[in-house]
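Listed below are the residues making up each chain.
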Amino acid sequence: MEALLHAPVLARFGYAISDATRARVLLALAEAPAFPSELADSLDVSRQNMSNHLACLRGCGLVVGVPDGRRTRYELADARLGHAIKELIGVVLAVDPNCCAPDGTCLA
């Protein structure tokens, strides 16, 4: 494992939340740890899709899998991520519609 600080941490976090499903997974895990099947059901995605997103988030160092009997429960890798996510969703942005599409894609 490699420990990252500062800009690389933000880059990983930015990559993770650039996908709507991964962002929703992080929001859900900021509320409480969960099993992949529960996350898939609550976010209305396939279990395979959820597995792929969790693998990505795990690889980015944002979530960890915790063995729980024969299953694996997922949680945020650092409790501070939950606080940061909750702070970020409270941010209000003034968006120029000529530069950003409604989905967040840059047009310029």
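Read on for a plain summary of the structure. (Residues numbered from 1 in each chain as written. Predicted model: local features only at pLDDT ≥ 70, side-chain atom pairs only at ≥ 80, totals over all residues. Heavy atoms only, no water.)

Further remarks concern the overall build of the protein. A count of helical and extended segments in the protein gives 5 helices and 2 strands. Helices and strands appear in the protein in the N-to-C order α-α-α-α-β-β-α. Here the C-alpha coordinates of the protein stretch approximately 50 × 35 × 20 Å along the principal axes. Here the protein holds 108 residues, and the buried ones make up 27% of them. Relative to all contacts within the protein whose residues are 6 or more apart in sequence, the contacts with residues 24 or more apart total 46%. Carbon and sulfur atoms form 57% of the exposed surface of the protein, whose accessible area is close to 7,400 Å². Distance between charge centres in the protein, computed from 10 positive and 12 negative side chains, equals 8 Å. (Helix = DSSP H or I, 4+ residues; strand = E, 2+ residues; numbered from the N terminus. Buried < 20%, exposed > 50% of the residue type's maximum accessible area, 1.4 Å probe, protein only. Contact = heavy atoms within 4.5 Å. Areas by Shrake-Rupley, 256 points an atom, 1.4 Å probe, with all protein chains shown as cover. Lys, Arg positive; Asp, Glu negative; His and termini not counted. Charge placed at Lys NZ, Arg CZ, Asp CG, Glu CD.)

The subject of this paragraph is the environment of Glu-87. Its place among the elements puts Glu-87 in helix α5 (residues 79–88). Classification of Glu-87 as exposed rests on a relative accessible area of 62%. Along the backbone, Glu-87 and Val-25 are 62 residues apart, and their C-alpha atoms lie at a distance of 16 Å.

Turning to its location among the elements, Lys-86 is positioned in helix α5. Looking at Lys-86, the relative accessible area reads 40%, which means it is partly exposed. Through-space distance from the C-alpha of Lys-86 to that of Leu-27 is 7.9 Å; in sequence the pair is 59 residues apart. Apart from the residues within four sequence positions on either side, Lys-86 is in contact with Ala-30 and Glu-31.

This paragraph deals with a nonpolar patch on the surface. Residues Ile-17, Leu-88, Val-91, Leu-93 and Val-95 make up a contiguous nonpolar surface patch of roughly 470 Å² in combined accessible area. Note on placement: Val-95 falls in the segment after α5. (Patch = residues over 30% accessible without salt bridge, like charges linked within 9 Å, V, L, I, M, F, W, Y side chains within 5 Å. Salt bridge = Lys/Arg side-chain N within 4 Å of Asp/Glu carboxyl O.)

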